[in-house]
Amino acid sequence: MTMLPEQAMVLALLVPLVGAVLIALASRTPNVREGITLATATTLLLCVLGALPAILAGQRPGFTLLTMMPGLDIAFRLEPLGMLFALIASGLWIVNSLYSIGYMRGNQEAKQTRFYVYFALSIAATMGIALSANLFTLFLFYEALTLLTYPLVTHQGTDKARRGGRTYIGLLMGTSIVFLLPALVFTWALTGSTDFTPGGILAGKLGHTGMAALLLLFMFGIGKAALMPFHRWLPAAMVAPTPVSALLHAVAVVKAGVFSVVKVIVYIFGADTLASAGVAGAADALVALAGFTIVSASVVALGADNLKRRLAYSTISQLSYVVMAAAVLAPLSLIGAAMHIAAHAVGKITLFFAAGAIYTAAHKTEVSQLDGIGRRMPWTMAAFAIASLSMIGLPPTVGFVSKWYMVSGAMAAQQTLVLVVIAVSTLLNAGYFLPIVYRAFFVAPAAGDAPHGEAPLPMVLALCATAAVTVVLFFVPDVPLALARQMVGP
Amino acid sequence: MSLAPHLPALQVVIPLLAAPLTVLLRRRGLSFALVLAASWLALAIAVSLWWRVHDSGPISYAMGSWPAPWGIEYRVDALNAFMLVLVTGIAALVLPYSRASLLAEVPPQQHYLFYTMFSLCLAGLLGITITGDAFNIFVFLEISALSSYVLIALGRDRRALLASYQYLVMGTIGATFIVIGIGLLYLMTGTLNLADMGNRIGAVQGTRPVLAALAFLTVGISLKLALFPLHQWLPNAYTYAPSAVSAFLAATATKVAVYVLLRFYFSVFGHSQVFGRLPMQEAMLLLALAGMFVAAAIAIVQSDLRRLFAYSSISQVGYIILGLSFDSKTGLVATIVHLFNHGITKGAVFMLLGCVALVMGGTTLARVQGLGRRMPLTSFGIVLCGLSLIGVPGTAGFVSKWYLILAAVQQGQWWLVFLIVLSSLLAVAYVWRFIEAAYFHEPRRDIEVGTTVPWSMAVPAALLVLATLYFGFDTSFTVESATRAAGQLMAGRP
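Residues numbered from 1 in each chain as written. Chains lettered and ligands numbered in written order. Predicted model: local features only at pLDDT ≥ 70, side-chain atom pairs only at ≥ 80, totals over all residues.

Draft legend 1. Quick peek at the overall build of chain B. A tally of helices and strands in chain B yields 20 helices and 2 strands. The C-alpha atoms of chain B give 21 Å as radius of gyration, which agrees with the globular expectation for 494 residues (23 Å, within 12%). Taken over the C-alpha atoms alone, chain B extends approximately 70 × 60 × 40 Å along its principal axes. The buried share of chain B, taken over its 494 residues, is 64%. In chain B, 79% of the contacts between residues at least 6 apart in sequence involve partners at least 24 apart. (Helix = DSSP H or I, 4+ residues; strand = E, 2+ residues; numbered from the N terminus. Rg over C-alpha atoms; globule rule 2.2 N^0.38 Å. Buried ≥ 20, exposed ≤ 12 C-beta atoms within 10 Å, placed from the backbone. Contact = placed C-beta atoms within 7 Å.)

Draft legend 2. Spotlight on the overall build of chain A. A tally of regular secondary structure across chain A gives 19 helices and 2 strands. Since a compact globule built from 490 residues should have a radius of gyration of about 23 Å, the 21 Å found for chain A is in line with a globular shape. Viewed in the frame of its principal axes, chain A has a C-alpha envelope of about 70 × 50 × 45 Å. Looking at chain A as a whole, 62% of its 490 residues qualify as buried. At a minimum sequence separation of 6, the contacts of chain A that also span at least 24 residues come to 81%.

Draft legend 3. View of the interface of chain A and chain B. Listed per partner, the contact involves 21 residues of chain A and 22 residues of chain B. Among the elements of the structure, strand 1 (62-69), helix 5 (135-153) and helix 6 (159-191) of chain A are those that each provide at least two residues to the side of chain A that touches chain B. Sorting elements by how many residues they give to the side of chain A that touches chain B places helix 6 of chain A first, with 11 residues. Partitioning the side of chain A that touches chain B into residue classes produces 17 nonpolar, 2 polar and 2 charged. (Nonpolar A, V, L, I, M, F, W, Y, C, P; charged D, E, K, R; others polar.)

Draft legend 4. Focus on the packing of helix 5 (residues 134-153) of chain B against helix 10 (residues 243-269) of chain B. All names here are of chain B. Put simply, helix 5 and helix 10 touch, their axes get as near as 12 Å, and they point 160° apart. Between helix 5 and helix 10, the angle is such that the two are roughly antiparallel. Of the two elements, helix 5 crosses helix 10, and the hand of that crossing is left-handed. Mapping the contact onto sequence places I137, S148, L151 and I152 in helix 5 and V245, L249, A253 and V260 in helix 10. The residue inventory of the contact of helix 5 with helix 10, partitioned by class, reads 7 nonpolar, 1 polar and no charged. (Axes fitted to C-alpha atoms, helices over the stretch in contact; angles between N-to-C directions. Parallel < 35°, antiparallel > 145°, perpendicular 65-115°, else oblique. Left-handed = near helix turned anticlockwise from the far one by under 90°.)

Draft legend 5. Looking closely at the domain arrangement of chain B. All names here are of chain B. When cut into domains, chain B gives domain 1 (1-278) and domain 2 (280-494). Here domain 1 and domain 2 have C-alpha centroids that lie 22 Å from each other. On the side of domain 2, 49 residues touch domain 1, which itself brings 46 residues to the contact. Counting only elements with at least two residues in the side of domain 1 that touches domain 2, the list comes to helix 3 (78-105), helix 7 (194-204), helix 9 (233-240), helix 10 and helix 11 (271-277). (Domains from an automatic or database assignment.)

Draft legend 6. Molecular detail of the confidence of the model for chain B. Residue and element names in this part refer to chain B. The predicted model of chain B averages 89 in pLDDT, with 99% of residues at 70 or higher. Within chain B, the lowest mean pLDDT, 81, falls on helix 11, and the highest, 93, falls on helix 5. We note a pTM of 0.91 for the whole complex and an ipTM of 0.88 for its interfaces. (pLDDT = per-residue confidence, 0-100.)

Draft legend 7. The packing of helix 15 (residues 378-392) of chain A against helix 17 (residues 416-442) of chain A, seen in detail. Residues and elements named next belong to chain A. Look at helix 15 against helix 17: their axes get within 9 Å of each other, and the N-to-C directions meet at 170°. The angle between helix 15 and helix 17 falls in the class roughly antiparallel. Facing helix 15, whose interface residues are M381, F384, A385, S388, M391 and I392, helix 17 presents T426, N429, A430, F433, L434, V437, A440 and F441. Its residues assigned to classes, the contact of helix 15 with helix 17 shows 11 nonpolar, 3 polar and no charged.

Draft legend 8. Structural context of helix 20 (residues 476-490) of chain B. With 15 residues, helix 20 of chain B extends 21 Å from end C-alpha to end C-alpha; this agrees with the ideal 21 Å at 1.5 Å per step. Every buried residue of helix 20 of chain B is listed here: T478, V479, S481, A482, R484, A485, A486 and L489 of chain B. Tucked into the core, helix 20 of chain B has its buried residues touching strand 1 of chain A together with helix 3, helix 10, helix 14 (329-360), helix 17 (396-410) and helix 19 (455-473) of chain B. G492 of chain B sits one or two positions beyond helix 20 of chain B and adopts a positive phi of about 85°. (Expected span 1.5 Å × (residues − 1).)

Draft legend 9. Focus on the environment of T315 of chain A. Residues and elements named next belong to chain A. Take T315: it is sitting in helix 12 (residues 307-328). Note on T315: 26 C-beta atoms within 10 Å, which makes it buried. The sequence separation of T315 and K348 amounts to 33 residues, and the corresponding C-alpha distance is 7.5 Å. With residues up to four places along the chain from it excluded, the contact list for T315 reads L234, H249, A250, V254 and K348.

Draft legend 10. Quick look at unusual backbone geometry. Of note, the amide linkage connecting M228 of chain A to P229 of chain A takes the cis form, showing an omega dihedral of 5°. Position of P229 of chain A relative to the elements: it lies in the loop between helix 7 (208-221) and helix 8 (233-236). The peptide bond linking P395 of chain A to P396 of chain A adopts the cis configuration, its omega dihedral lying at 0°. Tracing the chain through its elements places P396 of chain A in the loop between helix 15 and helix 16 (398-412). With a phi close to 55°, D327 of chain B is a non-glycine residue in the positive phi region. Mapping D327 of chain B onto the fold places it in the loop between helix 13 (305-325) and helix 14. D327 of chain B sits in the buried class, given 22 other C-beta atoms within 10 Å.

The structure is reproduced here in structure tokens:
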């Protein structure tokens with residue numbers, strides 16, 4: 001069966017919605033419900049893949065859903081970066097669903113139907129972000145994603161969850177309302193358009209100060225990218241069940257943030273416009289800001305004993321790699337930014353999967369408790385080790401590929417600061433990941449530990465799969481690389 | 001004889017005649033049926049008037065065939081056609097809702113009086129909106145005000161009497177100011193016809209009596225529309241009135257008052273006079289901002305949901321006035337769109353709160369703990385309306401906020417842009433008060449759940465919630481109407 005790319009896009013938006021309805025209807029029969037989740041996720045990936053050949057062939061399919069206000073459409077257009085993001089999110093949703101089944105049942109979580117329904121809805125919003133043809137549509141789905149993930153973050157319903165939820169909604173909605181919305185309105189008032197256009201739409205519309213101010217409004221407004229000082233929602237979101245942290249706060253939500261950052265820089269401002277002589281300071285400020293976030297978040301991660309908290313700060317740091325690479329503006333670093341969206345996604349989801357597996361099997365949450373756990377959970381900790389290598393940026397993992405492009409881009413642009421930041425942060429990454437691996441495999445377990453083995457099979461399968469992808473993408477990075485190159489232009 | 005040319009008169013006459021008939025009928029069921037029919041007819045008339053204005057421009061209707069400016073003229077243009085649709089639409093939904101809601105809140109022997117007062121109030125609001133005569137505005141203002149004092153006093157809680165009395169005092173002061181203002185204008189222009197007044201005022205522009213008239217009208221109308229700090233009557237009135245009354249008044253009464261302000265500012269005095277030569281822009285801007293922030297901050301610390309959303313209304317009135325103080329077409333679009341969007345949102349909220357009160361026996365935050373479990377749909381509806389109050393995209397509130405921010409950006413008023421969005425954060429805070437109460441607590445065991453929500457209440461409430469979402473996506477009706485109305489207002493034509 002061949003599918004028109006437009007049809008594939010419509011399906012990609014509809015499938016998770018339909019899935020959510022079916023999941024809700026099947027609430028009485030958990031096995032059917034989980035079956036529907038898996039089937040929906042698989043169908044979604046197939047739909048996204050259905051549009052891949054057309055994108056690689058250079059087509060940019062799209063359609064307009066409706067006109068909301070005069071001149072403001074809800075419209076969709078698939079371009080290479082969106083394709084990459086959609087592929088990552090939909091592909092990892094399958095693995096994550098598998099993992100969720102093991103986790104939610106293994107920990108006897110309550111309200112599982114609500115969990116799966118909101119999960120599917122969050123994925124629908126993510127697809128909307130990936131496919132949006134203009135900033136206005138992106139903003140719509142961006143806000144929807146914040147609201148739809150709120151019930152997932154506060155799933156436990158405890159006081160701690162409520163507090164975490166407050167920080168989550170307060171910072172994410174706060175930044176988007178206070179910074180992003182004015183930036184969006186301003187862009188529209190200035191250009192009469194919010195369409196994502198290769199080369200950007202702001203060329204010649206603003207002076208130096210205006211451009212820098214607008215750029216900062218956008219960057220702080222996209223709070224999901226967790227640029228400091230608006231990063232605290234991410235550690236707060238760790239109160240969620242681990243599958244939520246894994247897919248949403250390592251992949252869908254945070255990647256929606258950096259995806260939006262790259263989209264805005266490439267298709268709204270235009271890399272050439274930002275690099276042009278008059279306004280060069282704007283991007284430099286962003287580089288400095290992202291560099292600061294990378295290093296300081298890594299330092300915090302170094303001192304965090306709670307495993308999920310350490311991973312959260314590592315995520316904050318890694319997200320800013322994407323922002324920094326995008327702000328360097330050189331074609332090679334833009335490719336690096338796009339690649340890093342993919343690389344960090346598969347690596348970090350593996351790490352979260354491992355953290356959740358440890359919690360489920362051994363009920364341990366702190367790094368200091370992990371002595372010798374590699375002997376009891378060899379598969380989990382091996383996957384953890386591979387993903388750690390990817391975070392540090394060592395071969396044979398995909399993290400090396402993205403870092404390679406980022407470094408090359410920085411060299412081409414002669415950005416010494418960027419090189420220093422990458423070097424320092426690589427050391428810091430090694431400093432907070434390798435001790436975990438060391439403890440797990442080379443330190444003897446503490447005496448009074450209750451014996452346990454690996455986590456339930458679906459969880460182990462899931463984390464091994466994502467770890468394998470981390471390695472495979474090192475050897476065959478063709479598809480993401482091709483998409484990243486297309487984004488930068490011929 | 002065709003009735004079509006007389007639609008402007010029938011718009012007011014039908015609910016006005018329904019009122020005495022209910023007193024004659026005296027039967028609860030019959031009065032209900034009569035007023036229901038009247039309000040649905042009124043809606044049909046409003047829609048057809050809107051179409052006629054849309055197709056062929058403003059309609060002028062001479063009452064009793066006495067030509068303007070000597071006789072009373074009813075004049076329908078883009079702005080009041082739009083307002084008529086809002087008022088009659090809300091009335092048409094509140095009435096079916098009221099039947100079951102009244103049973104729980106008002107002694108049965110008083111029900112026919114409720115319908116009498118409701119149709120009088122409706123006739124008054126429609127009269128204010130449709131008439132082109134200044135004194136007629138005052139007369140209908142009093143009709144709607146007196147009937148709403150009675151409606152509020154019908155509340156079950158005895159504090160409703162105090163609330164009604166408070167509103168009576170404030171409302172009377174407001175009405176007095178308005179009639180003094182109108183008197184001064186009559187003195188100086190020699191006419192009561194608004195259009196005529198607008199034409200003749202040029203000769204006496206800037207004289208002391210005209211300035212005094214502007215001041216009296218501004219204060220009087222501001223009392224009616226609950227502009228901060230003249231809002232004191234509103235929270236109690238909305239809190240203690242019967243649920244159906246809260247829903248109706250919250251959605252319509254203050255909105256019609258804003259309409260009167262727009263009419264006088266833009267059609268009579270002329271915006272270049274009001275904003276250009278006098279410091280009204282600064283005054284309105286400051287009061288609007290103060291209302292937006294102070295009222296929203298007060299809303300956050302309320303313990304009763306009705307009071308919380310009542311303060312939210314005062315804060316939202318701030319947005320509406322802020323839009324008009326920009327003195328730009330986009331600003332006016334924001335004002336007019338928000339009149340409508342906020343009207344339907346608040347109507348929906350108060351209808352849903354009426355359902356909550358019916359089932360849970362009250363609307364304090366302590367009582368609604370665990371509401372998400374007990375009344376999932378009602379609770380979700382309140383959340384959706386809350387999102388519209390915040391201005392989340394996909395809801396009606398977002399559309400108004402978009403235009404408001406756009407108006408500020410177009411004027412280069414960056415500090416205002418940030419004040420607007422910061423005040424939305426306060427809205428997030430008070431909406432989240434409800435969300436945390438409803439979803440992060442187990443249902444209270446000690447509260448007996450009264451009944452289930454009857455269909456006659458659930459359906460109108462659900463329709464308004466859906467409208468809140470619908471007008472967040474399809475803005476062709478709201479934004480186009482508002483744009484035409486704003487264009488006419490800026491051109492100074494009544």
